[in-house]
Structures are given as C-alpha cells and as structure tokens.
Amino acid sequence: QVQLVESGGDLVQPGGSLRLSCAASGTIISWYVMGWYRQAPGKQRELVATISNSGSTNYANYADSVKGRFTISRSNAKNTIYLEMNSLSPEDTAVYYCNARGTIANLWGQGTQVTVSS
C-alpha cells in the first residue's frame, strides 16, 4: 500500500520555526517530483515548494510567499522529504499536504496542521 504520512505540524508563535516531515512507504520518492502544498480555511490548496532530482542534483522551487523562509529537502535513504519553515507568520496557518507527482501517479498525504498564533 502506497502512503505518504506527514508529521511535525504544531501551534507556533509568530516568528517561530517548524520542520515538517513526509515519510513515504510502498513507493520510492526518487521516482517523483515531491512537494508541499497548503490549504488555509476558505482558500484553495496552493503550492508551497517542490523538489525534484536529476542524478545527484536536487532542484527546488518555491512559492514567492515562502522564498527565503522555507527550505524543502529530501533524504532518498530515508524515503522522506522535509519542509523547514522559519519566520512563520499567521498567514502561514494552514493544513500542509505532501505530494508525490509522477508520470502517472499523483499521491497525497492526509495533511498536518500548522497554526501560527500568539
């Protein structure tokens, strides 16, 4: 059974940091473009960041709203991707979803809640 399981969501104060993880099972993340998306209440799901690899080189892409604050990374050995989030603001409050996009498959995790509030 193919699964993406996110973890690391939490309540954090403005200016704080969090690291999200997405562990894949039943598949291999190097086969996919991996990414993080988020959905805030009443809003559409939006891209946060993606990471792909060609050989040993990783290519990361970020939404303008998170550039310079968020970092996406991957560990093929652990079959896991991460999202390091710094300088968090209330506008970052959302459910964060992990995504694996392949030639045919498009996989989603169940989401993890990130709440930024004082």
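Described in the following lines is the structure provided in the data block. This one's a predicted model, so the numbers in the text were calculated from it and none came from an experiment.

Cut-offs used in this document
- Residue numbering note: each chain is counted from 1, following its sequence as written.
- Reporting in this predicted model follows two pLDDT cut-offs: at least 70 for local features of residues, and 80 or more for side-chain atom pairs to be given and counted; totals over whole chains, interfaces and linings ignore these cut-offs and use all residues.
- Neither water nor hydrogens contribute to the side-chain values; these are computed over all heavy atoms in the structure.
- Nonpolar core, defined: a set of buried Ala, Val, Leu, Ile, Met, Phe, Trp, Tyr and Cys residues in which side-chain atoms within 4.5 Å join the residues together.
- Buried residues are those whose accessible area, probed at 1.4 Å on protein chains only, stays under 20% of the maximum for their type, while exposed residues exceed 50% and partly exposed ones sit between those limits.
- The helix count covers DSSP runs of H or I at least four residues long, the strand count covers runs of E at least two residues long, and both are numbered beginning at the N terminus.
- By definition, residues are in contact when any of their heavy atoms lie within 4.5 Å.
- Using a grid of 1 Å spacing that covers the protein atoms alone, one calls a set of points a cavity when a 1.4 Å probe fits there but cannot get out, and a pocket when the set is open and has protein on both sides within 12 Å along at least five of seven lines; lining residues are those with an atom within 4 Å of a point.
- Grid points are joined across faces, edges and corners, and a volume is the space filled by probe spheres set on the points.
- Following the grouping adopted for this structure description, the nonpolar residues are Ala, Val, Leu, Ile, Met, Phe, Trp, Tyr, Cys and Pro, the charged ones are Asp, Glu, Lys and Arg, and the polar ones are all others, Gly among them.
- Pairs of cysteine sulfur atoms within 2.5 Å are what we label disulfides.
- Only Phe, Tyr and Trp rings take part, Trp by its six-membered ring, and two of them pair if their centres are within 6.5 Å. Stacked means planes under 30 degrees apart, edge-to-face means over 60, and tilted covers everything else.
- We count a charge as sitting over a ring when the NZ of a lysine or the CZ of an arginine lies within 6 Å of the ring centre and within 35 degrees of the ring normal.

1. Points about the nonpolar core
Next, step 1: Formed by 28 residues in total, the largest nonpolar core has its most connected members in Met34, Trp36, Val48, Phe70, Leu83, Met85 and Tyr96.
Next, step 2: Those elements that place two or more of their residues in this core are strand E3 (18–25), strand E4 (33–39), strand E5 (46–54), strand E7 (70–75), strand E8 (80–85), strand E9 (94–101) and strand E11 (112–116).
Next, step 3: Aside from chain neighbours lying at most four places away, what touches Met34 is Leu4, Ile29, Ala49, Thr50, Ile51, Ile72, Arg74, Ile81, Cys98, Asn99 and Ala100.

2. With respect to the layout of surface pockets
Next, step 1: The volume enclosed by the largest pocket comes to roughly 150 Å³.
Next, step 2: Forming the walls of the largest pocket are Arg38, Gln39, Ala40, Pro41, Lys43, Gln44, Glu46, Pro90, Glu91, Thr93 and Ala94.
Next, step 3: Its residues assigned to classes, the lining of the largest pocket comprises four nonpolar, three polar and four charged.

3. Some words on the state of the cysteines
Next, step 1: In the structure shown here, the tally under the stated rule is one disulfide.
Next, step 2: The disulfide partner of Cys22 is Cys98, and the gap between their sulfur atoms is 2.1 Å. Because the sign of the S-S torsion sets the handedness, a value of about -80° for the bond joining Cys22 and Cys98 places this disulfide among the left-handed ones. Linking Cys22 in strand E3 with Cys98 in strand E9, this pair joins segments that are 76 residues apart in sequence.
Next, step 3: We classify Cys98 as buried; its relative accessible area is 0%.

4. Looking at the packing of aromatic side chains
Next, step 1: All chains considered together, the criterion is met by two aromatic pairs.
Next, step 2: Consider the rings of Tyr37 and Trp108, whose centres lie 5.1 Å apart with planes at 65°: the pair is edge-to-face. Of this pair, Tyr37 sits in strand E4 while Trp108 sits in strand E10 (residues 106–108), placing them 71 residues apart in sequence.
Next, step 3: For Tyr37, a relative accessible area of 18% puts it in the buried group.
Next, step 4: On the accessibility criterion, Trp108 (34% relative accessible area) is partly exposed.
Next, step 5: Summarising the aromatic geometry, the rings of Tyr97 and Trp108 are spaced 6.5 Å apart at their centres and angled 85° between planes, so their arrangement reads as edge-to-face. Within this pair, whereas Tyr97 is found in strand E9, its partner Trp108 is found in strand E10, the two being separated by eleven residues in sequence.
Next, step 6: Under the relative-accessibility criterion, Tyr97 is labelled buried at 14%.
Next, step 7: Pairwise contacts between aromatic rings join Tyr37, Tyr97 and Trp108 into one cluster.
Next, step 8: A cation over a ring is seen here: Arg45 above Tyr97, with NZ or CZ 3.7 Å from the ring centre.
Next, step 9: Sitting over the face of the ring of Trp108, Arg45 holds its NZ or CZ atom 4.6 Å from the ring centroid.

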